[in-house]
Amino acid sequence: MVDSLKKPQFEEIRPGIKAPAKETILTPRFYTTDFEEMAQMDISANEDELKAILEEFRVDYNRHHFVRDEEFDRSWDRIDGETRRLFVEFLERSCTAEFSGFLLYKELGRRLKGKNPVLAEIFNLMSRDEARHAGFLNKALSDFNLSLDLGFLTKSRDYTFFKPKFIFYATYLSEKIGYWRYITIYRHLEKHPEDRIYPIFRFFENWCQDENRHGDFFDAIMRAQPNTLNDWKARLWSRFFLLSVFATMYLNDIQRSDFYASIGLDAREYDKFVIEKTNDTAGRVFPVILDVNHPEFYDRLETCVSNNERLRAIDSSNSPKIAKFFRKLPSYVSNGWQFVKLYLIKPIRVDNLQGTVR
Ligand SMILES: [Fe+2]
Ligand SMILES: [Fe+2]
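Everything numeric in this text was worked out from a predicted model, so none of it was measured.

Conventions adopted
Residues numbered from 1 in each chain as written. Chains lettered and ligands numbered in written order. Predicted model: local features only at pLDDT ≥ 70, side-chain atom pairs only at ≥ 80, totals over all residues. Heavy atoms only, no water. Helix = DSSP H or I, 4+ residues; strand = E, 2+ residues; numbered from the N terminus. Buried < 20%, exposed > 50% of the residue type's maximum accessible area, 1.4 Å probe, protein only. Contact = heavy atoms within 4.5 Å. Areas by Shrake-Rupley, 256 points an atom, 1.4 Å probe, with all protein chains shown as cover. Lys, Arg positive; Asp, Glu negative; His and termini not counted. Charge placed at Lys NZ, Arg CZ, Asp CG, Glu CD. Donors = N, O, S within 2.8 Å, 3.2 Å for Na, K, Ca; no water. Tetrahedral: all angles 85-135°; square planar, octahedral: opposite > 155°, others 65-115°. Core = buried A, V, L, I, M, F, W, Y, C linked by side-chain atoms within 4.5 Å. Disulfide = S-S within 2.5 Å.

Of the regular secondary structure elements, the chain holds 13 helices and six strands. Across its three principal directions, the C-alpha atoms of the chain cover 65 × 50 × 40 Å. Scored against the burial criterion, the 358 residues of the chain give a buried share of 52%. Taking contacts inside the chain between residues at least 6 apart in sequence as the whole, the part at least 24 apart equals 84%. Of the accessible surface of the chain, which amounts to about 17200 Å², a share of 53% is contributed by carbon and sulfur atoms. With 54 positive and 55 negative side-chain charges, the chain shows a spacing of 4 Å between the two charge centroids.

Okay, the environment of Gly114 next. Among the structural elements, Gly114 can be located in the loop between helix H4 (81-112) and helix H5 (117-142). The exposed category is assigned to Gly114, whose relative accessible area is 75%. Linking Gly114 and Ala39, residues 75 residues apart in sequence, is a C-alpha distance of 9.2 Å.

Here we take up the coordination of the iron ion (ligand 1). For the iron ion (ligand 1), the full set of protein donor atoms is Glu98 (OE), Glu130 (OE), His133 (ND1) and Glu211 (OE), and the range of their distances to it is 1.9 to 2.2 Å. Its four donor atoms give the iron ion (ligand 1) angles of 87 to 151° at the centre, a pattern that matches the irregular case. When the donor residues of the iron ion (ligand 1) are listed from N- to C-terminus, their spacing reads E-x31-E-x2-H-x77-E. Taken as an interatomic distance, the gap from the iron ion (ligand 1) to the iron ion (ligand 2) is 3.5 Å; Glu130 donates to each of them. Taken as a pair, Glu130 and His133 lie in helix H5 at a separation of three residues, close to a single helical turn. Residues Glu130 and His133 agree in their burial class; the two are buried.

One broad rule of soluble globular proteins: the nonpolar side chains tend to lie buried together. Tyr198, Ile200, Phe201, Phe217 and Phe286 are the most contacted members of the largest nonpolar core, which totals 109 residues. With 15 residues, helix H7 (residues 164-191) is the largest single contributor of residues to this core.

What follows concerns the state of the cysteines. Simply put, the disulfide is a covalent bond whose two ends are the sulfur atoms of two cysteines. As enumerated under the stated definition, the model contains zero disulfides in all. Between Cys95, a cysteine without a disulfide, and Cys208, which holds the nearest cysteine sulfur, the sulfur-to-sulfur distance is 18 Å. Overall, Cys95 belongs to the buried group, its relative accessible area being 0%.

Here you go:
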């Protein structure tokens with residue numbers, strides 16, 4: 001019998017129910033916001049486009065897409081050992097991220113009902129999509145004899161409060177980066193079917209179109225609130241959110257290079273491609289984008305990758321807590337410094353391009 005089948009690789013809260021991964025600065029975040037401010041929002045500046053987006057969501061292109069076919073009906077025990085661990089981790093992280101979108105959109109739909117009907121319906125329909133995505137991933141986890149207790153996750157996680165403007169920056173980017181992540185994996189596996197070791201990747205093509213539409217909605221709502229885009233504060237915050245989202249993904253993915261290798265992808269190449277595409281896409285709405293081709297950009301991120309390796313090694317050592325803290329301090333300071341230096345790289349002004357490439 002394969003080693004991984006003898007002893008559980010994961011901590012379980014009940015038989016078959018995986019304990020959620022420990023929350024860190026790099027795990028998917030759960031958000032909450034000022035619902036009253038959101039309800040009062042005047043969307044008239046871009047109402048026609050928002051209504052057109054609502055019509056698209058009503059059509060529900062992926063109504064029949066998320067149906068498991070016979071290809072799932074076999075044993076996945078041959079994905080074993082470290083690959084199995086990385087696979088489960090990928091499914092869990094993706095499921096948690098999708099579910100976090102579901103919770104936020106669902107709550108927005110509920111709180112805006114009767115106050116801002118167009119936005120309320122859009123949020124409800126986006127939460128419908130995210131529920132499907134999260135459910136499909138959770139079902140995939142069951143192929144590995146595990147699942148996530150999403151009710152438990154709802155109650156046990158910390159929620160980050162962002163004012164609506166920041167929710168827009170953060171969710172816009174997470175939808176668009178999600179689109180580029182899914183489509184890039186899909187296109188790679190289309191060319192290399194031998195690397196498609198599990199059927200879920202076949203679903204990514206239509207799936208990522210949901211994320212793309214969600215991103216387009218946040219693009220339209222930001223343009224309905226021009227103050228989120230057209231002053232110096234907007235330029236500083238756009239830089240901040242772009243950098244945070246790119247750095248988080250890079251550090252997460254490089255740490256999990258073996259997962260990407262298991263589906264034939266080089267994690268660094270994959271991330272650089274996704275970052276470049278997301279950065280370009282963001283230029284359609286954000287006033288600035290990052291200079292990701294600046295020679296320091298990836299050098300500094302690589303310094304953070306090494307720092308994080310050191311931090312993990314210290315964490316898994318047997319030193320007392322206080323000693324660990326002092327050994328970790330230089331790496332924390334270095335990460336903070338790299339982030340500041342990355343933030344200060346001169347961004348690229350793209351105000352003039354907005355709305356041109358759709
Ligand atoms: Fe999604
Ligand atoms: Fe989405």
